[in-house]
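As a plain string of letters, each chain reads:
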Amino acid sequence: MATSRKPLFDPDEKTATEGKPVEAAPAETDAAAPLTAPPEPDVVAGRALMVGALLERARLESTPKGPGADGVGGEAEARFTALQAWVDELGLFSNLGPDGVELFEGKLGSWSDEDIESVDWTSEELVMLLWALGKTDLPRLDTRADSAGLVAKLPLLGPAEPFIDDATLRPLDELEVHRALCEALLEAIRSEVYARSILEDPASLEPDEDLEELLSSVAAEGFDRKAAAATSAANEAVQGLRYWSRTLLSELFASGSPHEAHRIDSAQLVGLDEATLATWLGVAHSRTEAMAWLLEGDEYETGER
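Presented here is a report on the structure given in the accompanying data block. (Residues numbered from 1 in each chain as written. Predicted model: local features only at pLDDT ≥ 70, side-chain atom pairs only at ≥ 80, totals over all residues. Heavy atoms only, no water.)

Re the pattern of salt bridges
No. 1: Tallying each qualifying case throughout the model produces 17 salt bridges.
No. 2: Taking the shortest distance from any N to any O, the salt bridge between E192 and R196 comes out at 2.7 Å. With a gap of 4 residues between them, E192 and R196 both fall in helix α8 (residues 172-200), about one helical turn apart.
No. 3: Residue classification places R196 among the buried positions, given a relative accessible area of 11%.
No. 4: Close ionic contact of R263 with E260 constitutes a salt bridge, the shortest N to O distance being 3.1 Å.
No. 5: Here the salt bridges share partners, and the residues they tie into one network are D120, E124, R144 and R287. (Salt bridge = Lys/Arg side-chain N within 4 Å of Asp/Glu carboxyl O. Helix = DSSP H or I, 4+ residues; strand = E, 2+ residues; numbered from the N terminus. Buried < 20%, exposed > 50% of the residue type's maximum accessible area, 1.4 Å probe, protein only.)

Observations concerning the nonpolar core
No. 1: Core analysis: the largest hydrophobic core is formed by 43 residues, its most contacted members being W86, F104 and L126.
No. 2: Of all the secondary structure elements, the ones that give two or more residues to this core are α1 (41-61), α2 (74-90), α5 (123-132), α6 (147-151), α7 (161-165), α8 and α13 (274-296).
No. 3: Among the elements that make up this core, the one with the highest residue count is α1 (10 residues).
No. 4: Ignoring any residue separated from it by four or fewer positions in sequence, one finds W86 in contact with L49, A53, L92, P155, L156, L157, G158 and A160.
No. 5: Of all hydrophobic cores here, the second largest spans 35 residues; its members include L185, L211, L248 and L249. (Core = buried A, V, L, I, M, F, W, Y, C linked by side-chain atoms within 4.5 Å. Contact = heavy atoms within 4.5 Å.)

A closer look at the environment of V119
No. 1: Tracing the sequence through the fold places V119 in helix α4 (residues 113-120).
No. 2: V119 sits 19 residues away from G100 along the chain, and the two C-alpha atoms are 9.9 Å apart.
No. 3: Other than its neighbours up to four places away in sequence, V119 contacts L54, L55, A58, L103 and W111.

Take a look at the structure:
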């Protein structure tokens with residue numbers, strides 16, 4: 001269920017917990033906004049294979065070194081060489097930008113911990129791609145994607161043509177319904193993150209047109225700004241943000257909602273510890289980005305947003 005109100009955050013706002021995205025190659029843009037179109041099933045399947053190859057590359061990067069060795073073991077080197085040839089043969093590099101290709105093809109053992117962590121976040125994209133292809137169940141927000149389990153669903157290093165050629169996608173309306181779920185959950189989580197940042201440092205609160213618009217919006221629905229502001233402007237902002245988050249979740253999981261299995265209570269969100277909240281933020285952001293690509297294709301990544 002989508003909300004008609006203007007969101008507080010831009011959909012492509014960066015978060016501290018998100019991994020580096022799989023970069024799309026830059027494209028020339030016209031002055032007019034580009035028309036968007038969902039990618040074809042074979043394109044989605046090819047992207048899923050490339051994300052799986054990246055995750056396998058990250059796994060090899062984490063392979064322990066052999067006794068007295070200067071780098072990773074011979075088995076990992078051989079598998080990496082085979083993985084490079086497999087990706088090249090299928091033309092999967094088109095799913096990556098220059099930085100992504102450079103990272104993938106870098107010498108085994110050269111990745112930093114940050115590189116490995118960033119690629120590990122792409123498992124959240126892969127789970128959405130495989131769900132769209134009908135290869136896995138729809139995951140809950142509070143569960144990180146299982147990288148190894150997802151990669152095991154791919155014909156990695158094997159004949160991939162049937163996986164690509166026979167690919168089919170779930171109906172467009174089903175994808176749109178789930179995109180709305182991801183966007184609303186992300187908005188609710190970001191509102192809680194913003195509220196906590198103000199609680200941690202009330203003096204950091206500065207005039208914010210978007211926040212003011214949000215507070216006016218929730219006031220029109222019953223939020224008592226005057227009472228909240230009687231304590232402080234920071235308290236008004238925090239209580240307003242949490243009122244907005246509760247409203248989003250209440251609308252999202254109202255009676256008859258198609259999202260019942262993914263229900264999250266606003267009290268649960270407020271009660272999360274910082275590490276869990278950060279994880280939920282990263283998961284929601286990554287899956288929202290994946291759903292946007294599934295419905296808009298490369299224009300989502302290259303167009304003016």
